[in-house]
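Geometric and topological summary
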Amino acid sequence: MMKKLVIVGNGMAGIKCVEEILDLEPDQFQITIFGAEPRPGYNRVLLSKMLQDESSFEHIVTHNWAWYEENGVRLYAGERVCGIDIAARTVETESGIKEPYDMLVLATGSLPFIPSIPGARKQGVIAFRNVDDCETMAEYAKTYEKAAVIGGGLLGLEAAQGLLNLGMEVEVVHNAQYLMNRQLDRAAAVLLQRELEQQGMRFHLAKKTVNIMGRNRAQGLMFSDGNRLKTDLVVLAVGIRPNTELVQGSGLKVNHAIVVDDYMHTSIPGIYAVGECAEHRGISYGLVAPLYEQCKVLAKVICGRETAPYEGSVPYAQLKVAGIQVFSAGDIREEGNETAVMEYDGIRGIYKKVMMRNSMVTGAILFGDSAESTSLLGMVRRGASVAELATQNKGKGVSRAEEEAAKLSDEETVCACNGVSKGTILRAITIDKLKTVDEVKSRTKASASCGGCRLLVAALIKNGSSLSGISGAVAAPAVQEAVPVCGCTHYDHDSLKTAMMTAQCRTPVEVVSHLGWTRQQGCGLCRPAVLYYLESLGLRDRSASGQWVGDVAIQAAVQHSGESASTSLRFVNFMDLNGESQLFSQSIQIDGEAFAEVAWLKERLSTVWGRRALPALIAVAVCPGPEYPGGVLVHDIGLSRSPAGWEVYAGGHAEHPVRQGRLIGVEENTEEAVLMAAACLQMYRYNARYGEKMWEWIERTDILVLRENVLDAALRSELAGSLCVDKAERVTG
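Below, the discussion takes up the overall build of the chain. Helix and strand counts for the chain come out as 22 helices and 36 strands. The contacts in the chain between residues at least 6 apart in sequence include a share of 62% that link residues at least 24 apart. With the model as given, the accessible surface of the chain reaches about 31,300 Å², and the carbon-plus-sulfur share is 50%.

Residues Ile-31, Leu-106 and Leu-639 are the most contacted members of the largest nonpolar core, which totals 108 residues. Looking at which element gives the most residues to this core, the answer is helix α19 (residues 670-687), with 10 residues. Aside from chain neighbours lying at most four places away, what touches Leu-639 is Leu-601, Val-620, Ala-621, Val-622, Cys-623, Val-632, Trp-646, Glu-647, Val-648, Ala-673 and Ala-677. In terms of nonpolar packing, the next biggest core, distinct from the first, is built from 44 residues, Ala-147, Val-149, Leu-163 and Ala-237 among them.

Think of a sheet as strands paired side by side through backbone hydrogen bonds, with each pair either parallel or antiparallel. Strand order across the open sheet formed by three strands is β6-β7-β8, with antiparallel pairing between neighbours. The open sheet has two edge strands with one neighbour each: β6 (81-85) and β8 (98-100). For this sheet the average axis-to-axis angle between neighbouring strands, irrespective of direction, equals 20 degrees. With three bridges joining them, strand β7 (residues 90-93) and β8 adopt antiparallel strand pairing. Across the sheet, residue Val-91 finds its bridge partner in β8, namely Glu-99.

So, on to the environment of Arg-506. Examined against the element boundaries, Arg-506 turns out to sit in the loop between α15 (493-503) and α16 (508-515). With relative accessibility at 33%, the residue Arg-506 sits in the partly exposed group. In this structure Arg-506 touches Leu-534, Gly-538, Leu-539, Arg-540 and Asp-541, once residues within four positions along its chain are discounted.

Burial within helix α12 (residues 422-431) is extensive, with nine of its 10 residues counted as buried. Taken together, the buried positions of α12 are Lys-422, Gly-423, Ile-425, Leu-426, Arg-427, Ala-428, Ile-429, Thr-430 and Ile-431. Lys-433 lies just past α12 and shows a positive phi near 55 degrees.

Turning to the pattern of salt bridges, a few remarks are in order. Here the structure, examined in full by the defined rule, presents 30 salt bridges. Measuring nitrogen to oxygen at the nearest pair gives 2.9 Å for the salt bridge that ties Glu-372 to Lys-352. A residue pair is termed long-range when its members are at least 10 positions apart, and Glu-372 in the loop between β27 (360-367) and α9 (373-382) and Lys-352 in strand β26 (residues 350-357) qualify at 20 residues. Between Asp-438 and Lys-441 there is a salt bridge whose closest N-O contact spans 3.7 Å. In this pair, Asp-438 and Lys-441 are both assigned in helix α13 (residues 437-444), three residues apart and thus about one turn of the helix distant. Classification of Lys-441 by relative accessible area gives partly exposed; the value is 30%. Here the salt bridges do not stand alone but share partners, grouping Lys-16, Glu-19, Glu-20 and Lys-296 into one network.

So, on to the sheet that holds strand β17 (residues 228-230). Strand order in the open sheet made by the three strands is β15-β16-β17, with antiparallel pairing throughout. Either end of the sheet is taken by a strand with one partner, and the two such strands are β15 (209-213) and β17. Averaged over all neighbouring strand pairs, the angle between strand axes comes to 20 degrees, with direction disregarded. Alignment of strand β16 (residues 220-223) against β17, held across three bridges, turns out to be antiparallel. Paired with Leu-221 across the bridge in β17 is Leu-229.

Mapping Lys-16 onto the fold places it in helix α1 (residues 12-24). Along the backbone, Lys-16 and Ala-299 are 283 residues apart, and their C-alpha atoms lie at a distance of 9.2 Å.

The next thing to look at is the pairing of β16. Alignment of β15 against β16, held across four bridges, turns out to be antiparallel. Note on β16: the bridge partner recorded for Asn-211 is Met-222. Counted along the chain from β16 to the antiparallel partner β17, the turn is four residues long, and its residue Gly-226 has a positive phi close to 95 degrees.

The next point concerns the packing of aromatic side chains. What the rule picks out here adds up to 10 aromatic pairs. For the ring pair Trp-67 and Tyr-68, a centre distance of 5.1 Å and an interplane angle of 85 degrees mean the geometry is edge-to-face. When sorted by exposure, Trp-67 lands in the same class as Tyr-68, which is buried. With a centroid separation of 5.8 Å and 40 degrees between ring planes, the pair formed by Tyr-532 and Tyr-690 is classed as tilted. With Tyr-532 in helix α17 (residues 526-536) and Tyr-690 in the loop between α19 and α20 (694-700), this pair connects stretches of sequence that are 158 residues apart. Each member of the pair, Tyr-532 as well as Tyr-690, is classed as buried. Counting every residue linked through ring pairs, the aromatic cluster contains Tyr-532, Tyr-533 and Tyr-690. The lysine or arginine in question, Lys-16, covers the ring of Tyr-292, its NZ or CZ lying 5.0 Å from the ring centre. Of note, Arg-217 hangs over the ring of Tyr-144, and the distance from its end group to the ring centre comes to 4.4 Å.

Turning to the packing of α12 against α15, a few remarks are in order. A pair of packed helices can be characterised by two numbers: the angle between their axes and the separation between those axes. In contact at an axis separation of 10 Å, α12 and α15 are set at 45 degrees when each is read in the N-to-C sense. One element, α12, and the other, α15, form an angle in the oblique class. Handedness of the crossing formed by α12 with α15: left-handed. Contacts between α12 and α15 involve Arg-427, Thr-430 and Ile-431 from the former and Asp-494, Lys-497, Thr-498 and Met-501 from the latter.

Another aspect to go through is the confidence of the model for the chain. Mean pLDDT for the chain: 81, with 83% of residues reaching 70 or above. A low-confidence stretch, residues 724-733 (pLDDT under 50), is modelled with 13 contacts involving residues beyond four sequence positions or located in other chains.

What follows concerns α19. Here α19 is 18 residues long and its end C-alpha atoms lie 26 Å apart, about the 26 Å a rise of 1.5 Å per residue gives. Of all 18 residues that make up α19, 16 are buried, and the element is covered over most of its length. The residue sitting at the N-terminus of α19 and contributing the capping side-chain oxygen is Asn-669; that oxygen lies 2.8 Å from the backbone nitrogen of Glu-671.

Although it is not a glycine, Ala-206 adopts a positive phi angle of roughly 55 degrees. Relative to the assigned elements, Ala-206 resides in the loop between β14 (202-204) and β15. If you check the backbone angles, Gln-504 has positive phi at about 55 degrees while not being a glycine. Locating Gln-504 in the fold gives a position in the loop between α15 and α16.

Calculation rules
- Residues numbered from 1 in each chain as written.
- Predicted model: local features only at pLDDT ≥ 70, side-chain atom pairs only at ≥ 80, totals over all residues.
- Heavy atoms only, no water.
- Helix = DSSP H or I, 4+ residues; strand = E, 2+ residues; numbered from the N terminus.
- Contact = heavy atoms within 4.5 Å.
- Areas by Shrake-Rupley, 256 points an atom, 1.4 Å probe, with all protein chains shown as cover.
- Core = buried A, V, L, I, M, F, W, Y, C linked by side-chain atoms within 4.5 Å.
- Buried < 20%, exposed > 50% of the residue type's maximum accessible area, 1.4 Å probe, protein only.
- Pairing = 2+ DSSP bridges.
- Axes fitted to C-alpha atoms, helices over the stretch in contact; angles between N-to-C directions.
- Salt bridge = Lys/Arg side-chain N within 4 Å of Asp/Glu carboxyl O.
- Phe/Tyr/Trp six-rings, centres within 6.5 Å; stacked < 30°, edge-to-face > 60°.
- Lys NZ or Arg CZ within 6 Å of the ring centre and 35° of its normal.
- Parallel < 35°, antiparallel > 145°, perpendicular 65-115°, else oblique.
- Left-handed = near helix turned anticlockwise from the far one by under 90°.
- pLDDT = per-residue confidence, 0-100.
- Expected span 1.5 Å × (residues − 1).
- Polar contact = N/O pair within 3.5 Å; in protein donor to acceptor, adjacent residues only side chain to side chain.

This is the structure we're talking about:
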């Protein structure tokens, strides 16, 4: 019997936890999520973008309604949980829904901190925490002119920028001597204030608000020095507090937040807490990266997997205001630290400061150019020696972002929020021929959360497209993430593909000469891999002479099973050691309309998938309905007719280790189902390593990325279309 797992909280922490669990054990739990907001999961970090005219709500949705259904997750949206019965192991909502649990995850997040200012509950006084707040601001902007934001930290400045974009006059009130005083020093704050004033903001620093004036609604602020400020809207952005209201009096240990250990256990067995509502070693984090790190650990704990403990995170901040680059990480206080590096360019408005303690890097501030943020964050996290700072060389004729991109090894993380490495991004850029940051974000999730790594991703795109013009670039392969393909080369499969694309090798002879092979004829391991990569990457020149022995042109042998009707088509498409591609099918008797539809589907699949080189053996099963033994869940690609349409599965495996295919999507139209399956196949062809089974590739990468790509109608057509283009090129070539 499946265990009942209940998640209280449909925010970024709760959803990430569910994602990680589904990747580890998709069939072990009956998952129920309760979300207080009547919406699917969205990226709260990007709320300010909605006010800055850069995104609509649809653009910040991370998990649409279909995602929950496809993954068998029951979502109660707009249902606030009001009580936990520890003894009965149930939760209850305000509307009276009771849900039993075997395991309970509390991901209730945080609430806006409302200061005890007289008038803070008046009409026209709002917080800045969710979509409703953004919509309220937009409505006020249609009628009123003046807005005041109380709070000069990250959240307050982002809210102020959004209000400016909505056309309001904005005054920012801050009780400290300078802006973002928890993340910046005075020098950086002065530069920031200057930039924001040029955009139209006005500031009132070292001001304490003692009253929000107005009879029926907010009309102004009164400060402790007696001065007043007229306003039509007041936005409170002075901080957040962990949302622990649900567990008060429940018996759970609560300090500032719900106390958890290094494995996210609370004080009561079977109940866990994660995200902003959790307190780990005395700290409650309000950042995306720590929440995701906690979720990875918790998912393994819940699934019974071994895991390293969560030992805390380094705090860092990145301001998301258009046109301004601000970054801060670690301990930037003067007390107990020394200044290791300070660079100030008042003309260009660029500032850099790195702090140290006992010759170890402890914190950093960047303003005006945040390209070094990734490398500096890495130094702070590992407590690097300040000697590393001295070894950083300035490049000539390249931007700082390009310098930093070049210095990173393939294993180092570029997107801290989503844990995306430089190597992953470079492979996506090279193999998928990506040209923009948004394309990289779609493929890898890099820059999909806070967006702080966009400059570095842009630099990787530029570097990736220009490496072929750099003398000697190919001869020095990237740091290997896996074992070499064989003894003929030091390249692993991923770096080999990248190097072949960079050098534009079109024949095996060019691969040998340009990439430093130790044996001119290669071997039984590298020859088929090279031939496959030349074929799948669209590099192969068939007119060239001097090919390897065994470099046979890609052929297709189609064996038909006769004229009998079939209940299941099993296509097997692969490239063997001598470079040949083969297609087989087998059939079982069926009758009626099911035969006609399956026969058409067989012909269509044969048309789309004929003459196709693939990384490994691919079994494709097609079943006309649940009453037929099609075995779609234990094949690489499975299509099964259901009352809702054609269900498309990917990643099944019938032999040890058995893997159940993952549902990619459902299409009512048969042709669209073919295109969806073709798009899955094309993504596999582009991204898998030679010899890597489809289920291995899916487990190594991210099933969510695959779904997001093939469920996007435009991208699906593009992927399926490129498959047909590949075929046409081969037929005419």
